[in-house]
Every structure is written in structure tokens, then in C-alpha cells.
Amino acid sequence: MFRTCRGLCARAGPSAGGWQPLNFDGGAFNLKRTGELLRALLVLRLCAWPPLVTHGLMLQVWSRRLLGSWLSRAFLRGSIYGQFVAGETAEEVEGCVQQLRRLCLRPLLAVPTEEEPDSAAKTGEAWYDGNLHAMLRCVDLSRGLLETPGSAGHDVLMQLKITALTSTWLCKALTSLVRDPRASLELSPERLAEGMDSGQDLQVSCFNAEQNHHLRASLSRLHQVAQYARTQRVRLLVDAEYTSLNPALSLLVAGLAVRWNSPREGGAWVWNTYQAYLKDTHERLQQDAEAADKAGLAFGVKLVRGAYLDKERKEAKLQRIEDPTQPDCEATSQSYSRCLELMLTHVSRRGPMCHLMVASHNEESIRQATKRAGRLCCV
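Residues numbered from 1 in each chain as written. Predicted model: local features only at pLDDT ≥ 70, side-chain atom pairs only at ≥ 80, totals over all residues. Heavy atoms only, no water.

**A few points about unusual backbone geometry**
Logical step 1: Phi angles above zero are rare outside glycine, and Arg233 is one such case at about 60°.
Logical step 2: With respect to the helices and strands, Arg233 occurs in the loop between α10 (209-231) and β3 (234-238).
Logical step 3: Even without being a glycine, Arg320 presents a positive backbone phi close to 60°.
Logical step 4: Within the secondary structure, Arg320 is located in the loop between α13 (309-319) and α14 (329-350). (Helix = DSSP H or I, 4+ residues; strand = E, 2+ residues; numbered from the N terminus.)

**Remarks on the pairing of strand β5 (residues 299-304)**
Logical step 1: When you tally the buried positions in β5, you get 6 out of 6 residues, the bulk of the element.
Logical step 2: Residue alternation in β5 divides its side chains into two sets, Phe299, Val301 and Leu303 and Gly300, Lys302 and Val304, and both sets are buried.
Logical step 3: In terms of strand pairing, strand β4 (residues 270-275) meets β5 through 4 bridges, oriented parallel. By the bridge assignment, Thr273 is partnered in β5 with Lys302.
Logical step 4: Between β4 and its parallel partner β5, the chain crosses via helix α12 (residues 281-295), and the hand of that crossover is right-handed.
Logical step 5: In the sheet, β5 pairs with strand β6 (residues 354-358) via 5 bridges, with the strands oriented parallel. By the bridge assignment, Val301 is partnered in β6 with Leu356. (Buried < 20%, exposed > 50% of the residue type's maximum accessible area, 1.4 Å probe, protein only. Pairing = 2+ DSSP bridges. Right-handed = clockwise from strand over helix to strand, strands pointing away.)

**Considerations on the side chain of Ser72**
Logical step 1: Tracing the backbone shows Ser72 in helix α4 (residues 56-78).
Logical step 2: Among the residues examined, Ser72 registers a relative accessible area of 3% and is labelled buried.

**Regarding the side chain of Arg259**
Logical step 1: Following the sequence through the fold, Arg259 ends up in helix α11 (residues 246-260).
Logical step 2: Only 2.8 Å separates the side chain of Arg259 from the side chain of Glu265, close enough to count as a polar contact.
Logical step 3: Ignoring sequence-local partners within four residues, the contact set of Arg259 consists of Ala193, Asp197, His223, Arg264 and Glu265. (Polar contact = N/O pair within 3.5 Å; in protein donor to acceptor, adjacent residues only side chain to side chain. Contact = heavy atoms within 4.5 Å.)

**Quick notes on the confidence of the model for the protein chain**
Logical step 1: Considering every residue of the protein chain, the mean pLDDT works out to 84; 86% of them sit at 70 or more.
Logical step 2: Counting interchain partners and residues more than four positions distant, the pLDDT-below-50 stretch residues 2-18 has 34 contacts. (pLDDT = per-residue confidence, 0-100.)

**Let's talk about the sheet that holds β3**
Logical step 1: Reading across from one edge, β1-β2-β3-β4-β5-β6 is the order of the 6 strands in this open sheet, with parallel pairing throughout. Both edges of this open sheet fall to β1 (108-110) and β6, since each of them pairs with a single strand only. Within this sheet the neighbouring strands show an average axis-to-axis angle of 25°, counted without direction.
Logical step 2: Relative to strand β2 (residues 156-160), β1 runs parallel, the two sharing 3 bridges. Across the sheet, the residue bridging to Ala110 is Gln159, located in β2.
Logical step 3: This element, α11, spans β3 and β4 of the sheet and lies at about 150° to β4. (Axes fitted to C-alpha atoms, helices over the stretch in contact; angles between N-to-C directions.)

**What to know about the nonpolar core**
Logical step 1: In terms of nonpolar packing, the biggest core is built from 51 residues, with Met135, Leu160, Leu174, Phe207, Leu215 and Val225 touching the most fellow members.
Logical step 2: Leaving out residues up to four positions away in the same chain, Val225 has contacts with Leu132, Met135, Leu136, Leu160, Leu165 and Leu236.
Logical step 3: By size, the runner-up hydrophobic cluster in this structure holds 22 residues, among which are Phe299, Leu303, Val358 and Ile366. (Core = buried A, V, L, I, M, F, W, Y, C linked by side-chain atoms within 4.5 Å.)

**Some points on the pairing of β2**
Logical step 1: Along β2, 5 of the 5 residues are buried, which leaves the element largely enclosed by surrounding structure.
Logical step 2: Here β2 runs beside β3; their pairing, made up of 5 bridges, is parallel. Of the residues in β3, the one forming a bridge with Met158 is Leu236.

**Section: the environment of Ile366**
Logical step 1: Along the polypeptide, Ile366 turns up in helix α15 (residues 363-377).
Logical step 2: Taking the relative accessible area as the measure of exposure, Ile366 reaches 17% and is therefore buried.
Logical step 3: With 26 residues separating them in the primary sequence, Ile366 and Leu340 have C-alpha atoms 9.9 Å apart.

**Quick look at the packing of aromatic side chains**
Logical step 1: The tally for this structure, following the rule as stated, stands at 4 aromatic pairs.
Logical step 2: Relative to Tyr128, the ring of Trp127 lies with its centre 5.1 Å away and its plane at 85°, an arrangement referred to as edge-to-face.
Logical step 3: Take Trp127: its relative accessible area is 31%, and that puts it in the partly exposed class.
Logical step 4: Residue class for Tyr128 comes out buried when judged on its relative accessible area of 2%.
Logical step 5: Ring centres 5.6 Å apart and planes at 50° place the aromatic pair Trp169 and Phe207 in the tilted group. Placement of the pair is Trp169 in helix α8 (residues 168-178) and Phe207 in the loop between α9 (189-198) and α10, with a sequence separation of 38 residues.
Logical step 6: Overall, Trp169 belongs to the partly exposed group, its relative accessible area being 39%.
Logical step 7: Residue Phe207 is classed as buried on the basis of its relative accessible area of 10%.
Logical step 8: Here the basic side chain of Arg235 rests over the ring of Trp269, its NZ or CZ set 4.3 Å away from the ring centre. (Phe/Tyr/Trp six-rings, centres within 6.5 Å; stacked < 30°, edge-to-face > 60°. Lys NZ or Arg CZ within 6 Å of the ring centre and 35° of its normal.)

**Observations concerning the packing of α10 against α11**
Logical step 1: The interhelical angle for the contact between α10 and α11, taken along N-to-C directions, is 45°, at an axis separation of 11 Å. By the angle between their axes, α10 is oblique relative to α11. The element α10 and its partner α11 pack so that their crossing is right-handed. Each of Leu219, Leu222, His223, Ala226, Gln227 and Arg230 in α10 lies in contact with α11, whose residues at this interface are Leu252, Leu256, Arg259 and Trp260.
Logical step 2: A breakdown of the residues in the contact of α10 with α11 according to their chemical character gives 6 nonpolar, 2 polar and 2 charged. (Parallel < 35°, antiparallel > 145°, perpendicular 65-115°, else oblique. Left-handed = near helix turned anticlockwise from the far one by under 90°. Nonpolar A, V, L, I, M, F, W, Y, C, P; charged D, E, K, R; others polar.)

Written out as C-alpha cells, the structure is:
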């Protein structure tokens, strides 16, 4: 994660040029047992098998029917679940975190709950309220995991899925309204922030009473998580999801940012995620960065390539609209590189008012980021 040039130089040490090159020689594997490495290889191969990726949920249901819940659960824990999930209890998560700390890595915890766009509508607010309590516990866990010697001054980060706290129906409805210029004043980030903060009876004219109630309840849940995270000094990184939802997610993040990313709060406590595999990402990122600068708000960005490629393309084909994704891997990498250059320039110019997480498994992107950051901090 890159914050300010001063921070970058401090981490670089006194070597010539002020920057230490990264090393991808596989040293992280030294902490892994042979069984863990074999499991990782197996899971990698399985994830590259299209039938499993396409029909994963259905196969999981059948495994429960054929093997029973206990055997099915044991199989998942020893394979895919064990590879990607830090643990089910605080003790299991802490053990995983301690192993990562030996490599000077710090955790970014997430509650892996979201609502699919085509899922059945939930009745009432109970499901979302349950997720709210899980989010608040995750804030506590995130804070506690870094209250160890040598952790002073480190950022504590947590990932947040908005569709765990509000329905995809509402996100789709808000997306439609965001794209309507006539609704811009009714749904401005400032109005949402005021509604979150004051608890006033926010109303959207085209929603019925039940829908307005769900909107207010959703805003209240988001505000509670952000407020508690701020008191615990945990920064929230809001995940991007599908293009049918993202304009609404960005609107909600902007509302949270007006309240929690102001100078009086001391920095960017709510970040947004930008997906480089979408064609319009660089333009939106530039607009949002400039808008935050103009408003005097801190700006936090998690930059990713993207995770919903196949579904986005299928949905575009079904809706007979232009494919929103980049045509190939090379175009996505070029998009990521342009967004990275843009954000590093903003970080170097705005200092602690601008934060960036380079969220990529791509070695070339990481090398570009560290080299460019090194040059900027020495200018």
C-alpha cells in the first residue's frame, strides 16, 4: 500500500537510490508444509477447470446429498476452503495471521458475504442486520490482530461488501436513478451523508414506503460500520461488484466519504475499489480523484483487475448492450498500468490525503508500482 512519499522513503531505508527492489524468488513457500503446497497446486488446477467454476455451487449441493454434511464439510475444509479462508474462529485466524507476519505481511480481513444480483429477495431486515453484527465483530478482530509489538502506526484495513448490508434490488434501483440526471440532487452524496449522520427521515420520491424504509435501514447499517471502524481506527475498503450495481456502490461510498473522509476525521477511512478490466475505469478514477481533491476530501483507492469477467460478458450479451470489459488480458494490463500511474501521481501530490492499495497478483504491476513510487519519492 502506498500513502505518502515520506512514508515510502522511510520504508526504503538508507540504500543508494532510496528504494529496495522486490524479490519474487518464492521465499514465501518456505513457511508452507509439503501438504499445503500440494493442496495449493490441486486447488489451482481445479480453479482452472471451467466445469467446476461454472457449476461449483451445484456440485457443492450434490456433495452434501451424496456425502452428507459432515464429510462434505471436511472435504471443503481440506481443499478449497482451507486454501482461501483464514479460519472460522478468532483463534484460527490469529494463527494464520501470525504465520504471515513472519514474512512481514499484515492482514486484510473480510466477511465473505454478498448478495448475488439475481438472488431471491430477502424479506425484512434480519439477514442484513445479522451481517451488520458480523461486520462489527470483524472490525474488532481486525483491530485486535495488530495490537502486537511493532505494530504501532500501521494502518488496519478491512474489506466490506455493501451487498451484505443492503439488497441488490436497492442497488439496481439506485443505479438507474444515478444514471438519470433529474435524480442527481435527490441522491447527492451530501444528502446521503446528512441522512446517515443525522438519522433524518430520508425519502426518495419514486420509492414506496417499504422501499424507503429499506434505504434508510441500509444507510444506517453502513453508517454504523463506518462509525465503529473509525473509532477503532480501521480503514474500510469497499469491494466493487457487478457493473449493474457499481454506480450505486460508488454513490454510497461517496456518501460515506463526505462524512468520514473529511479533514476533521484525519484521513481516508472509507475507500472505493476500481476494476481495471472495465473500459471506463481510468476516466471514472480520474473524475473521482479530482472531485475528492476539489472537495478537500481524503481519497482512498483499492486498484484491482476484476473478478466477474465471464458474468459481465454474458450479461452484456443477454441485455444486447456493449461489453463493458476490456477485450483481452493485455488491454486489461494496460488499463491497470494507466490507473496505477494516475493514482501514484495523486499520492505524490496530495500526500496523506490520498491512499492507494495496489491489489494485484501480477508481478509486473507490482514492479511498476514500486519503481514508480521510488522515483516519485526521490523527486
